[in-house]
Number of protein chains: 4
Amino acid sequence: MNKSRLEAFSDGLFAVVITIMVLEMDAPVGTSFTSLKPLLPIFLSYLLSFVYGAVFWVNHHHLLAATRRINASVLWANLNFLFWLSLIPFFTSWVDENHAASIPVAAYGIALFMVVASYRLLETVLFRAHNADALIVRILRPGRREKITMIAFITAAVLAFAHPYIAMTIYIIFAGVWVMPARALEKALTDKDICEIE
Amino acid sequence: MNKSRLEAFSDGLFAVVITIMVLEMDAPVGTSFTSLKPLLPIFLSYLLSFVYGAVFWVNHHHLLAATRRINASVLWANLNFLFWLSLIPFFTSWVDENHAASIPVAAYGIALFMVVASYRLLETVLFRAHNADALIVRILRPGRREKITMIAFITAAVLAFAHPYIAMTIYIIFAGVWVMPARALEKALTDKDICEIE
Amino acid sequence: MNKSRLEAFSDGLFAVVITIMVLEMDAPVGTSFTSLKPLLPIFLSYLLSFVYGAVFWVNHHHLLAATRRINASVLWANLNFLFWLSLIPFFTSWVDENHAASIPVAAYGIALFMVVASYRLLETVLFRAHNADALIVRILRPGRREKITMIAFITAAVLAFAHPYIAMTIYIIFAGVWVMPARALEKALTDKDICEIE
Amino acid sequence: MNKSRLEAFSDGLFAVVITIMVLEMDAPVGTSFTSLKPLLPIFLSYLLSFVYGAVFWVNHHHLLAATRRINASVLWANLNFLFWLSLIPFFTSWVDENHAASIPVAAYGIALFMVVASYRLLETVLFRAHNADALIVRILRPGRREKITMIAFITAAVLAFAHPYIAMTIYIIFAGVWVMPARALEKALTDKDICEIE
């Protein structure tokens, strides 16, 4: 029972989720630059969806690169994570089509919260499948970043009712926080990489 | 002739089948939580499709993890299974759009029956490709779960004409029965996993 | 330069091409079995597309299983083959929506001819990348099946102007001819399989 | 941290991007060859998108075949490249639906420029991840083809305002320039291939 198929299936789902929004971008009527303007919200929507999809793909990639053992619980925790991730394009476009109205922005925050929470659950289930001295357990134990992000997203969802644009700013900032995977993990994997290949 | 490509192709099909219904979830008009309400049936439809897709992916994953040999018959038995699986989103949305009317619910049961029957056929063809002492043959021989599920789905399809909601309950219960792959298989694979990696 | 990525990319394209037509099957309005009737042509269309996609996937799988070396020409011959294959769902649905009218049926035959011709070209390019004593060259040299099929499809395309249903019958018969990959190849791969794994 | 998953995820995105435009090709109303005529622009659009997608896939394939080490920066440079590539079908169909009007043709040139620029960035990031004596660094260092292509695309985008058809001709010529991956890379990979497998 190796992890290659878990990765391949996740990659298939990531690829579909990330590109769903291109399917909605039809060529505009008209040939001036102005005719591109009504497409701007859907383009920004695609960009934000792509960035969140990419952010979680990179983190997922590093997490599984450090994984040595999987079981049926890991498969299900991963499927749970992918389910919540697949809802992001839907909520992103709801926000954009309504010019960041309060309730869509709040709903977006809750959806992002569920993605991070299910990612945290996947980490927990992966830890349990390993011994205490495995690479993944030694390095990733605290999971502090996930907790801070979850609190930030819930706070932003509440804030959205008063100031939707502040909530949106929080979502964008925390996408930035996740751009680089856990530094300790990156370092450990790169060192190992040197040992194994060179 | 190894199995990696059989798995990769199946994963591609699983990924498309599982996410087809997200494509149908367009952002609602309106910014209140009420405006999400008309999307509820399509959301539940997506959830149920995702769960059935996930359930069969996890079982398919374990089945092929125990596989050592494939041939052209295995490829075709797998394609036959994927064909029936690809019809599930269609029948799920027919049920949901008609508030669980009798005939769509019965048709859904028949479709689920075909998925399980074609999965059973795939197991049979895989057994024939192995020797009698192969891991997969020793552990999976009885295939009792498939038979019980097939009888349950046919019974539910008939029941649907009188009580569609009882039929739906049976479908949901049997999704639960398949959440964990065959226990003996999980155990055998995990033991092997320990030997090979640690 | 190994072949795993050539296979993975082809599998992604096969998966999308095969499932494109499910996307067009929307749940019918109405809850009787009669309301499924207008969907019958699109269902048959999906079935035929799935079968042709599956037939070429199985043959492509065996061909590449016997491949030991690839180069840029192989990549391009493979892309050319996938391009023609991706047009099949379009021509299938044109036939079905017009109840097998002469010109759509003839166009379908030409499209199938191009798929087989590009598959033949892929075989030729693969042979050239190998030495004369390589498994793939020793076993597949004649390529007689491809020639007969190409002549049959062109004949059927001409026949379609007089008797479209005879042409359709020829298309279905030749799908059957390709269901099993070249027998010599299957045998050689299975023998090798035994040596390598057991 | 190996590269197989980077390749698999890229292949999934390539497959979706390349086939997006088939989804837009609906079977025409009518059964004469004339009824195919209104589909000609969308068919040419699909062909051009397919060719550009294929061209970059082949080059990406060779680039990663020569890669030995990856890190998080490589993952992000690759995602950036895939983002720009995913916009090509959109700009291609804008050009075709407006019979090569000036502004869509210019926008198309800018989009192609971004694809090549992000591909160049991916090469640069890959070089930095390797030692100076790695295969990929020794062979690909100059990157002259990328620079010439970028200048050509920007020139064509400006030219488009006066002569859109000359600009289109430049785009098609430079697709041809990229059909074969860097010759030195092809040669090096093929030699290595001989050593490793035969």
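Residues numbered from 1 in each chain as written. Chains lettered and ligands numbered in written order. Predicted model: local features only at pLDDT ≥ 70, side-chain atom pairs only at ≥ 80, totals over all residues. Heavy atoms only, no water.

Undergrad: Got a minute to help me understand the overall build of chain A in this structure?
TA: Summing up its helical and strand segments, chain A has nine helices and zero strands in all. Scanning chain A from its N terminus toward the C terminus, one meets helices and strands in the order α-α-α-α-α-α-α-α-α. Taking the principal axes of the C-alpha coordinates as reference, chain A spans close to 60 × 40 × 30 Å. Charge centroids of chain A, computed over 15 positive and 14 negative side chains, lie 10 Å from each other. (Helix = DSSP H or I, 4+ residues; strand = E, 2+ residues; numbered from the N terminus. Lys, Arg positive; Asp, Glu negative; His and termini not counted. Charge placed at Lys NZ, Arg CZ, Asp CG, Glu CD.)

Undergrad: Even after reading the chapter, I still don't get the environment of A134 of chain B, so can you show me in this structure?
TA: When you line up the elements, A134 of chain B lands in the loop between α5 (102-129) and α6 (135-140). Sequence separation of A134 of chain B and R68 of chain B is 66 residues, and the distance between their C-alpha atoms is 8.2 Å.

Undergrad: How do you make sense of the relation of the copies chain C and chain B when you look at a structure like this?
TA: Think of it as a corkscrew move, a rotation about one axis and a shift along it, taking one chain copy to the other. For the pair chain C and chain B, the superposition axis carries a translation of 0.0 Å, the fit reaches an RMSD of 0.0 Å, and the rotation angle comes to 90 degrees. In short, the pair behaves as if placed about a four-fold rotation axis. Among all residues of chain C, the one whose C-alpha sits closest to the rotation axis is G12 of chain C, at a distance of 4.1 Å. (Least-squares fit on C-alpha atoms with pLDDT ≥ 70 in both.)

Undergrad: Help me understand the interface of chain B and chain A, please; the structure alone is not making it clear to me.
TA: By a widespread convention, an interface's size corresponds to the accessible area lost as its parts come together. Across the boundary between the two partners, chain B contributes 45 residues, which contact 34 residues of chain A. At the boundary of chain B with chain A, total buried surface from both sides reaches about 3,500 Å², with 73% on carbon and sulfur atoms. The three residues of chain B that bury the most area against chain A are T31, W57 and H61 of chain B, which together make up 16% of that side's buried surface. Linking chain B with chain A are one salt bridge. (Contact = heavy atoms within 4.5 Å. Buried area = accessible area lost by both parts, 1.4 Å probe. Salt bridge = Lys/Arg side-chain N within 4 Å of Asp/Glu carboxyl O.)

Undergrad: Would you take a moment to explain the nonpolar core for this structure?
TA: Soluble globular proteins tend to bury their nonpolar side chains together. Formed by 319 residues in total, the largest nonpolar core has its most connected members in F56 and Y171 of chain A, F56 and Y171 of chain B together with F56 of chain D. The biggest single contributor to this core is helix α5 (residues 102-129) of chain C, with 16 residues. Contacts of Y171 of chain A, omitting those with residues within four sequence positions, involve Y52, V105, A106, Y108, G109, L112, F153, A156 and A157 of chain A. (Core = buried A, V, L, I, M, F, W, Y, C linked by side-chain atoms within 4.5 Å. Buried < 20%, exposed > 50% of the residue type's maximum accessible area, 1.4 Å probe, protein only.)

Undergrad: Which parts of the structure should I look at to understand the relation of the copies chain B and chain A?
TA: Of the transformation placing chain B onto chain A, the axial shift is 0.0 Å and the rotation is 90 degrees, giving an RMSD of 0.0 Å. Each copy contacts the other with its own distinct surface, as only 2% of the interface residues of chain B are interface residues in chain A too.

Undergrad: What exactly am I supposed to notice about the confidence of the model for chain A here?
TA: All names here are of chain A. Mean pLDDT for chain A: 85, with 92% of residues reaching 70 or above. Mean pLDDT values for the elements of chain A range from 58 in helix α9 (residues 183-197) up to 94 in helix α3 (residues 72-86). In the model, residues 193-198 has pLDDT below 50 throughout and makes eight contacts with residues more than four positions away in sequence or in other chains. Interface scoring of the predicted complex returns ipTM 0.86; its pTM is 0.88. (pLDDT = per-residue confidence, 0-100.)

Undergrad: Please explain a nonpolar patch on the surface as it appears in this structure.
TA: Residues and elements named next belong to chain A. On the surface, L40, L44 and L47 cluster together into a nonpolar patch covering about 240 Å² of accessible area. For L44, the position within the fold is in helix α2 (residues 40-65). L44 gets classed as partly exposed once you look at its relative accessible area, which sits at 43%. (Patch = residues over 30% accessible without salt bridge, like charges linked within 9 Å, V, L, I, M, F, W, Y side chains within 5 Å. Areas by Shrake-Rupley, 256 points an atom, 1.4 Å probe, with all protein chains shown as cover.)

Undergrad: Help me understand the environment of K37 of chain D in this model?
TA: Residues and elements named next belong to chain D. Within the fold, K37 resides in the loop between α1 (4-19) and α2 (40-65). For K37, a relative accessible area of 63% translates into the label exposed. Residues K37 and A117 lie 80 residues apart in sequence; the distance between their C-alpha atoms is 36 Å.

Undergrad: Can you help me understand the arrangement of the chains in this one?
TA: One finds no contact between chain A and chain C; the C-alpha atoms of the two approach each other to within 8 Å at their closest. Left apart from each other, chain B and chain D have a closest C-alpha approach of 8 Å.

Undergrad: Is there a simple way to explain the interface of chain C and chain B in this structure?
TA: Every contact between the two is made by 45 residues of chain C and, on the other side, 34 residues of chain B. Taking both sides of the interface into account, the surface hidden between chain C and chain B amounts to around 3,500 Å²; carbon and sulfur atoms contribute 73%. Three residues, T31, W57 and H61 of chain C, lead the burial of chain C against chain B; their summed loss comes to 16% of the area buried on that side. Taken together, the connections running from chain C to chain B amount to one salt bridge. At the boundary of chain C with chain B, the tally comes to five residue pairs in polar contact (both at pLDDT 80 or more). Those elements giving two or more residues to the side of chain C that touches chain B turn out to be α1 (4-19), α2 (40-65) and α9 (183-197) of chain C. Element by element, the count of residues in the side of chain C that touches chain B is highest for α2 of chain C, at 14 residues. (Polar contact = N/O pair within 3.5 Å; in protein donor to acceptor, adjacent residues only side chain to side chain.)

Undergrad: It is not clear to me how the packing of aromatic side chains should be interpreted in this structure. Could you clarify?
TA: Within a pair of aromatic rings, the relevant descriptors are the distance that separates the centres and the angle that separates the planes. Residues and elements named next belong to chain A. One pass over the structure, following the stated rule, counts 68 aromatic pairs over all chains. Among the aromatic residues, those joined into a ring-pair cluster are F14, Y52, F56, F81, Y119 and W178. R145 extends its terminal NZ or CZ atom over the ring of W178, reaching a point 4.5 Å from the ring centre. (Phe/Tyr/Trp six-rings, centres within 6.5 Å; stacked < 30°, edge-to-face > 60°. Lys NZ or Arg CZ within 6 Å of the ring centre and 35° of its normal.)

Undergrad: Help me out: how do you make sense of a negative patch on the surface in this one?
TA: On the surface, E24, D26 and E97 of chain A, D26 and E97 of chain B, E24, D26 and E97 of chain C together with E24, D26 and E97 of chain D cluster together into a negatively charged patch. Considering the arrangement of structural elements, one finds E24 of chain D in the loop between α1 and α2.

Undergrad: Explain the packing of α2 of chain D against helix α8 (residues 164-177) of chain D here, please?
TA: When two helices pack together, their arrangement is given by the angle between the helix axes and the distance between those axes. Residues and elements named next belong to chain D. Contact geometry of α2 with α8 gives a least axis separation of 10 Å together with a crossing angle of 40 degrees. Looking at the two axes, α2 sits oblique to α8. Crossing of α2 over α8 shows left-handed handedness. Facing L48, V51, Y52 and V55 of α2, the residues of α8 in contact are M168, Y171, I172, F174 and A175. Across the contact of α2 with α8, the residue classes break down as nine nonpolar, no polar and no charged. (Axes fitted to C-alpha atoms, helices over the stretch in contact; angles between N-to-C directions. Parallel < 35°, antiparallel > 145°, perpendicular 65-115°, else oblique. Left-handed = near helix turned anticlockwise from the far one by under 90°. Nonpolar A, V, L, I, M, F, W, Y, C, P; charged D, E, K, R; others polar.)

Undergrad: Which parts of the structure should I look at to understand the side chain of H130 of chain C?
TA: All names here are of chain C. Here H130 is to be found in the loop between α5 and α6 (135-140). By relative accessible area, which is 7% here, H130 ends up buried. At 3.1 Å, the side chain of H130 and the backbone nitrogen of R69 are in polar contact.

Undergrad: Can you help me understand the packing of helix α1 (residues 4-19) of chain A against helix α2 (residues 40-65) of chain B in this one?
TA: One can describe the packing of α1 of chain A onto α2 of chain B by two numbers: an axis separation of 11 Å at closest approach and a directional angle of 145 degrees. As for the relative orientation of α1 of chain A and α2 of chain B, their crossing is right-handed in sense. Two secondary-structure elements touch here, α1 of chain A through R5, L6 and F9 of chain A and α2 of chain B through W57, H60, H61 and L64 of chain B.

Undergrad: Sorry if this is basic, but what is going on with the pattern of salt bridges here?
TA: Applying the stated criterion to the full structure yields eight salt bridges over all chains. Across the pair R5 of chain B and D11 of chain C runs a salt bridge whose closest N-O atoms are separated by 3.0 Å. In this pair, R5 of chain B is assigned in helix α1 (residues 4-19) and D11 of chain C in helix α1, connecting two distinct chains. For R120 of chain D, the salt bridge goes to E123 of chain D, with nearest N and O atoms at 2.8 Å. With a gap of three residues between them, R120 of chain D and E123 of chain D both fall in helix α5 (residues 102-129), about one helical turn apart. Note on E123 of chain D: relative accessible area 3%, which makes it buried.

Undergrad: Is there a simple way to think about helix α8 (residues 164-177) of chain C in this case?
TA: Since there are 3.6 residues in each turn of an α-helix, residues three or four apart along the chain are aligned in direction. All names here are of chain C. The end-to-end C-alpha distance of α8, which contains 14 residues, comes to 20 Å, matching closely the 20 Å that a straight helix rising 1.5 Å per residue would cover. Every buried residue of α8 is listed here: P164, A167, M168, I170, Y171, F174 and A175. Projected down its long axis, α8 carries its buried residues within an arc of 155 degrees, all on one side. Where α8 is buried, its residues contact α2, α4 (88-97), α5 and α7 (144-159). (Expected span 1.5 Å × (residues − 1). Arc of directions from axis to C-beta.)

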